[in-house]
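What follows is each chain in one-letter form.
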Amino acid sequence: MPRRPQRADRPPAAGHTAGRLPLAGDAPTVARPHTAGSAVKAFQDAAALEAALRAVPERPDALDAYGAERGRTGRAMVELGRRLGRFLVQDAPDWRTLDQAGLAAAWSTADGSGAFGGRELKN
């Protein structure tokens, strides 16, 4: 029987708005739990929506600006979750064999940027 795709494996929504309704949190994009980012993403969406509504006087234009900004972030989170899922679950190294240098090297490749989460790991 074929594996049913997890919700986090599905493509993100086409946008962060549905007509006049803004979408926030996990509604437009669901990242795998490996990112541990759903709650933070929801707060960031709320802050971005507030900023867009304050900066752009016309609501439809504000929603477009919000959707464009948060869409990029949502897609990046989904892709990060997929890469981390592959690294931590599907293609995980044998953690027992890694020393500190091996662990640092493994994590540096975990998200594809050479630095986990876009940030350099410090010892």
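In this report, we go over the structure that sits alongside the text.

1. Regarding the overall build of the protein chain
Consideration 1: Helix and strand content of the protein chain: 3 helices and 2 strands.
Consideration 2: Counting helices and strands in the order they occur from the N terminus, the protein chain gives β-β-α-α-α.
Consideration 3: Here the protein chain holds 123 residues, and 30% of them are scored as buried.
Consideration 4: The contacts in the protein chain between residues at least 6 apart in sequence include a share of 49% that link residues at least 24 apart.
Consideration 5: Carbon together with sulfur atoms contributes 57% to the accessible area of the protein chain, which is approximately 8,100 Å² in total.

2. Side note on the packing of aromatic side chains
Consideration 1: Within the structure shown, the criterion is met by 3 aromatic pairs.
Consideration 2: Taken together, a centroid distance of 5.7 Å and an interplanar angle of 85 degrees make the contact between Phe87 and Trp95 edge-to-face.
Consideration 3: Take Trp95: its relative accessible area is 35%, and that puts it in the partly exposed class.
Consideration 4: Consider the rings of Phe87 and Trp107, whose centres lie 5.5 Å apart with planes at 55 degrees: the pair is tilted. Within this pair, whereas Phe87 is found in helix α2 (residues 59–90), its partner Trp107 is found in helix α3 (residues 100–108), the two being separated by 20 residues in sequence.
Consideration 5: Clustering of aromatic rings is evident, with ring pairs tying together Phe87, Trp95 and Trp107.

Cut-offs applied
Residues numbered from 1 in each chain as written. Predicted model: local features only at pLDDT ≥ 70, side-chain atom pairs only at ≥ 80, totals over all residues. Heavy atoms only, no water. Helix = DSSP H or I, 4+ residues; strand = E, 2+ residues; numbered from the N terminus. Buried < 20%, exposed > 50% of the residue type's maximum accessible area, 1.4 Å probe, protein only. Contact = heavy atoms within 4.5 Å. Areas by Shrake-Rupley, 256 points an atom, 1.4 Å probe, with all protein chains shown as cover. Phe/Tyr/Trp six-rings, centres within 6.5 Å; stacked < 30°, edge-to-face > 60°.

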